[in-house]
Amino acid sequence: MQFSGKNVLITGASKGIGAEIARTLAGFGLKVWINYRSKPEIANTLKEEIESKGGKAAVIAFDATDEEAFIKALNLIKDSDGELSYLVNNAGITNDKLALRMSIDDFSSVIDANLKSCFIGCREALKIMSRQRHGSVVNIASIVGEKGNPGQTNYAASKGGMIAMTKSFALESGSRNVRFNVVTPGFIKTDMTAGLSEEVRNEYVKNIPLSRLGKPEEIANAVAFLLSDYSTYITGEVLKVNGGLYM
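Residues numbered from 1 in each chain as written. Predicted model: local features only at pLDDT ≥ 70, side-chain atom pairs only at ≥ 80, totals over all residues. Heavy atoms only, no water.

Draft legend 1. Structural context of the pairing of strand 3 (residues 56-61). For strand 2 (residues 31-36) and strand 3, the ladder comprises six bridges, and the chain directions are parallel. In the strand pairing of strand 3, isoleucine 34 is matched with valine 59. Once the chain exits strand 2 it traverses helix 2 (residues 40-52) before rejoining the sheet at strand 3, and the crossover so formed is right-handed. (Pairing = 2+ DSSP bridges. Helix = DSSP H or I, 4+ residues; strand = E, 2+ residues; numbered from the N terminus. Right-handed = clockwise from strand over helix to strand, strands pointing away.)

Written as structure tokens, this is what we have:
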């Protein structure tokens, strides 16, 4: 995989899919900025792991829903490295319950954590990347944002909004040689799916043509492709990584 830039910020990168994206991109020679909101020990352990394998990594703490903190972090990265080449908006939460029982706070908290944070990152990255005349952003949405899911009205709205928003950013940024794309994971082996009962997991797998859950590294490889020079004529696209569960 070839990259014209040299660094990447990944929000929500200390564990799960975000951590695997950091490992993969570091393996391709990028300096990875590992964002976390709490538990610095987890982020620092990942940094040490990447560096022990010859990669470059830095840890940066901020709440992705805090506009001022996000802007400050992006400027710090640009001042430190001389550029911001790539951004992966991965930070997000769930707060599941049936819509009839969902409060406005339940809804808004997920919209803020998932969609608002993504908007801030995209907007501010575009400002920097426009001046560079180079850059690529990948937003991590979800299969739920494409097809919906019972008990996840808030999550579906946030991820569906992310897909539509990404396309709009792609339309606005193409003339500046900045690309925006989305990856929509299906059911992936993470801490979240590990909490499911075997019966529930088996029910999901029955509907997946590839007959298994996905691996975090399969999401990371899709992200790497969309950031890389191998996809320089791709923008505004949604790359489904779901084993065929939703085509």
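Draft legend 2. How the structure looks around the nonpolar core. Residues Leu9, Leu84 and Phe180 are the most contacted members of the largest nonpolar core, which totals 33 residues. Sorting the residues of this core by element identifies strand 3, helix 3 (67-81), helix 4 (104-132), helix 6 (153-173) and strand 6 (178-185) as the ones contributing at least two each. If one sorts the elements of this core by residue count, helix 4 sits on top with nine residues. Once residues within four sequence positions are removed from consideration, phenylalanine 180 is found in contact with Cys122, Leu126, Val137, Thr166, Phe169, Ala170, Ser173, Thr235, Gly236 and Glu237. Within the second largest apolar cluster, 32 residues are counted, among which are Ala19, Ala43, Leu46 and Ile188. (Core = buried A, V, L, I, M, F, W, Y, C linked by side-chain atoms within 4.5 Å. Buried < 20%, exposed > 50% of the residue type's maximum accessible area, 1.4 Å probe, protein only. Contact = heavy atoms within 4.5 Å.)

Draft legend 3. Representation of the sheet that holds strand 4 (residues 86-89) in the model. Read across the open sheet, the seven strands follow the order 3-2-1-4-5-6-7; overall the sheet is parallel. Every interior strand has two partners, whereas the edge strands, strand 3 and strand 7 (238-241), have only one. The sheet shows a mean angle of 20° between the axes of neighbouring strands, taken without regard to direction. Contacts from helix 1 (residues 16-27) reach strand 1 (7-10), strand 2, strand 4 and strand 5 (135-140) within the one sheet, and its direction differs from that of strand 1 by about 175°. Sitting on the sheet, helix 3 is in contact with strand 1, strand 2, strand 3 and strand 4, with an inclination near 160° to strand 2. (Axes fitted to C-alpha atoms, helices over the stretch in contact; angles between N-to-C directions.)

Draft legend 4. Geometry of the pattern of salt bridges. Across all of its chains, the model carries 13 salt bridges by this definition. Between glutamate 49 and lysine 53 there is a salt bridge whose closest N-O contact spans 3.6 Å. Under the relative-accessibility criterion, glutamate 49 is labelled partly exposed at 25%. Notably, a salt bridge pairs lysine 78 with aspartate 79, separated by 3.8 Å at the nearest N-O pair. Aspartate 79 sits in the exposed class, given a relative accessible area of 62%. (Salt bridge = Lys/Arg side-chain N within 4 Å of Asp/Glu carboxyl O.)

Draft legend 5. Local environment of the packing of aromatic side chains. Under the definition given, this model contains six aromatic pairs. Summarising the aromatic geometry, the rings of phenylalanine 169 and phenylalanine 180 are spaced 5.1 Å apart at their centres and angled 25° between planes, so their arrangement reads as stacked. Of this pair, phenylalanine 169 sits in helix 6 while phenylalanine 180 sits in strand 6, and the two are 11 residues apart along the sequence. Of the residues examined, phenylalanine 169 reaches a relative accessible area of 8% and is grouped as buried. An aromatic cluster is present here, built from Phe3, Phe28 and Tyr86 joined pairwise through their rings. (Phe/Tyr/Trp six-rings, centres within 6.5 Å; stacked < 30°, edge-to-face > 60°.)

Draft legend 6. Representation of the packing of helix 4 against helix 6 in the model. The interhelical angle for the contact between helix 4 and helix 6, taken along N-to-C directions, is 15°, at an axis separation of 8 Å. If you check the angle between helix 4 and helix 6, you find them roughly parallel. When you trace helix 4 past helix 6, the crossing you get is right-handed. Along the contact surface, helix 4 presents Asp106, Phe107, Val110, Ile111, Asn114, Leu115, Cys118, Phe119, Cys122, Arg123 and Leu126, while helix 6 presents Thr153, Asn154, Tyr155, Ala157, Ser158, Lys159, Gly161, Met162, Met165, Phe169 and Ser173. Tallied by class, the residues present in the contact of helix 4 with helix 6 amount to 13 nonpolar, six polar and three charged. (Parallel < 35°, antiparallel > 145°, perpendicular 65-115°, else oblique. Left-handed = near helix turned anticlockwise from the far one by under 90°. Nonpolar A, V, L, I, M, F, W, Y, C, P; charged D, E, K, R; others polar.)

Function cannot be inferred from these measures alone, as they are strictly geometric.
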